Amino acid sequence: MKKLGNFQLIVLIVFVALAVFGVLVFAGIVKIGGKDEAVVTGSVVLWGTAKADMMNNLINNFTSQNKTLTVKYVQKNRASFDQDLLEALATNTGPDLFILPDDMIVHFRNKIMPIPYASFPQATFQNTFAGAGEIYLSEKGTLALPLSIDPMIMYYNRSHLDAEGIVTPPVYWNDLESLVPVFTKKDQDRKITKSAFALGQFSNILHAKDIISMIFMQLGNPIVREKNGTLLSVLNNDGENTLGGNLSSVLRFYTSFADPANSLYSWNRSLQNSRDAFSSEKLTFYFGFASELADLTARNPNENFYIAPVPQIKNSNFKLTFGHTQAVAISASTKNPTVAFTVAGLLATGDFSKQFANNLLLAPARRDLLNTKPTDAYFPVFYNSALFARSWLDPAPAETDAVFQRMVENVLSNNLSIENSISDASSKLNLLLSK
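Residues numbered from 1 in each chain as written. Predicted model: local features only at pLDDT ≥ 70, side-chain atom pairs only at ≥ 80, totals over all residues. Heavy atoms only, no water.

Asker: Break down the pairing of strand 3 (residues 97-101) for me, citing the residues and quoting the values.
Answerer: Of all five residues making up strand 3, four are buried, and the element is well covered by its neighbours. Note that strand 1 (residues 42-48) and strand 3 share two bridges and pair parallel. Bridge pairing in strand 3 links W47 to F98. (Buried < 20%, exposed > 50% of the residue type's maximum accessible area, 1.4 Å probe, protein only. Helix = DSSP H or I, 4+ residues; strand = E, 2+ residues; numbered from the N terminus. Pairing = 2+ DSSP bridges.)

Asker: Give me the lowdown on the layout of surface pockets, citing residues and values where you can.
Answerer: Roughly 1,300 Å³ of internal volume is contained in the largest pocket. For the largest pocket, the lining is made up of 42 residues, of which T49, R78, P101, D103 and H324 are closest to its centre. Counting only elements with at least two residues in the lining of the largest pocket, the list comes to helix 3 (81-90), strand 3, strand 6 (145-157), helix 8 (208-218), strand 13 (321-330), helix 13 (351-359) and helix 16 (397-412). When grouped by side-chain class, the residues that make up the lining of the largest pocket number 19 nonpolar, ten polar and 13 charged. (1 Å grid on protein atoms, 1.4 Å probe; cavity = no way out; pocket = protein on both sides within 12 Å on 5 of 7 lines; lining within 4 Å. Points joined across faces, edges and corners; volume = space filled by probe spheres on them. Nonpolar A, V, L, I, M, F, W, Y, C, P; charged D, E, K, R; others polar.)

Asker: Which residues make up the pairing of strand 6, and what are the values?
Answerer: Burial within strand 6 is extensive, with 13 of its 13 residues counted as buried. Looking at chain direction, strand 6 and strand 13 are connected through six bridges and run antiparallel. In the strand pairing of strand 13, D150 is matched with H324. Note: strand 6 against strand 14 (residues 363-364), two bridges, orientation antiparallel. Counterpart to I149 in the pairing with strand 14 is A363. Summarising the sheet, strand 6 and strand 12 (residues 305-308) pair through four bridges and their orientation is antiparallel. Across the sheet, M154 pairs through a bridge with A308, a residue of strand 12.

Asker: Let's hear about the side chain of T284: which residues, and what values?
Answerer: Position of T284 relative to the elements: it lies in strand 11 (residues 283-289). Only 2.9 Å separates the side chain of T284 from the side chain of H160, close enough to count as a polar contact. Among all residues touching T284, those that are not within four sequence positions of it are Y155, Y156, N157, H160, L161, F183, S195, A196 and F278. (Polar contact = N/O pair within 3.5 Å; in protein donor to acceptor, adjacent residues only side chain to side chain. Contact = heavy atoms within 4.5 Å.)

Asker: Give a description of the packing of aromatic side chains that names residues and reports values.
Answerer: Scanning the model with the defined rule gives 23 aromatic pairs in all. Residues Y156 and Y306 carry aromatic rings whose centres are separated by 6.3 Å and whose planes lie at 85° to one another, so their mutual orientation is edge-to-face. Here the residue Y156 occupies a position in strand 6, and Y306 occupies one in strand 12, the gap between them amounting to 150 residues. Residue class for Y306 comes out partly exposed when judged on its relative accessible area of 22%. One residue, K76, lies across the ring of W47, its end atom 4.5 Å from the ring centre. (Phe/Tyr/Trp six-rings, centres within 6.5 Å; stacked < 30°, edge-to-face > 60°. Lys NZ or Arg CZ within 6 Å of the ring centre and 35° of its normal.)

Asker: Go over the pattern of salt bridges, please, and point to the residues and values.
Answerer: Here the structure, examined in full by the defined rule, presents 15 salt bridges. The salt bridge partner of E164 is K185, with a shortest N-O separation of 3.8 Å. Of this pair, E164 sits in the loop between helix 6 (158-163) and helix 7 (176-183) while K185 sits in strand 7 (residues 185-186), and the two are 21 residues apart along the sequence. On the basis of relative accessibility, which here comes to 35%, the residue K185 falls in the partly exposed class. (Salt bridge = Lys/Arg side-chain N within 4 Å of Asp/Glu carboxyl O.)

Asker: Residue-level account of the packing of helix 9 (residues 247-256) against helix 16, with values.
Answerer: The interhelical angle for the contact between helix 9 and helix 16, taken along N-to-C directions, is 70°, at an axis separation of 10 Å. Judged by the angle between their axes, helix 9 and helix 16 are roughly perpendicular. Contacts from L251, Y254 and T255 of helix 9 reach helix 16 at M407, V408, V411 and L412. (Axes fitted to C-alpha atoms, helices over the stretch in contact; angles between N-to-C directions. Parallel < 35°, antiparallel > 145°, perpendicular 65-115°, else oblique.)

Listed below in structure tokens is the structure:
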């Protein structure tokens, strides 16, 4: 039998000791802090990219309710966060906890101390957090506890719809076909001056990879799957698509919007980027994230826009949008695993998580909080969309952007067939996953 190393043995002992305690904490049977006597005492360091002023206010509220726990927050630059964290962990000077975005899970999964399902059962996790949080579930345990969800939604120019006598935005993808000729305008030289949808191209469409991924996942394809501890691409047409369609039909549909010979043609690479086009009222529908609301409002305060859920595949038995999630992870190099475990649980299940999401103008990750929807104009759509948001295990966001861009451009340039373009992308994705 293979012997455990000292570090592995310590981790095992710690989590065996925490197993019963963890279940009781998350079940609400054991209370920590507040009016009850604290079970755990100590301090931890938390890293993240959110502004220090905001986070320190939230942490002050947290520690006032949990008086025997101390949390020091360190704000890191977003551009260098992953490198700073890797270097700190390598020299054993890293934080005890860090805020982990969903697109950094693969990058840091070996630097995280998973919470075993004995300590926090998978069923408890799924009953506590919305489905987007399940991206943090691994074969070894829970990699992080979700705090917020940023779902992709559909922004639309209400004045454009009103002028054409259209009452509601599209609900299904096949509804787009009738709307393209209504909202796509061309000048006398047949150049596009206004567009219905920014789809088809890649370089000038913000979130192009996320949009394509979203429709793939709406077919039931998870893009990446974990099997026996190994991450593998399932970006293929064979057996992974629960709705019975295939990924080729999705890529064909997407690229049709950039094909001048197709009735869906409404976008080309000469146009400004999709967000700028929407803000300048030259684009009727824009697929973006909830977190973009404040920026879009500031860009054009006079624009009469509203929001709706993203279109779905007709006759599907589930709804899905793409969404980015943030969660609190325990560093594998923490010197205070008991305290880190306790603080992570309290941050994710207490008032902190609600205030964290509210301050970032995002939806919370907890189901009980999503059940109580705000009454303003936008957040009910954010909250509803957060409930059916999902993402995938992206090994390297910048590099997979290039993979998806090549997949799209191979089709548009006729360098590869649609089927071969998808196969090529899957092979390159597997190479990234194997690094």
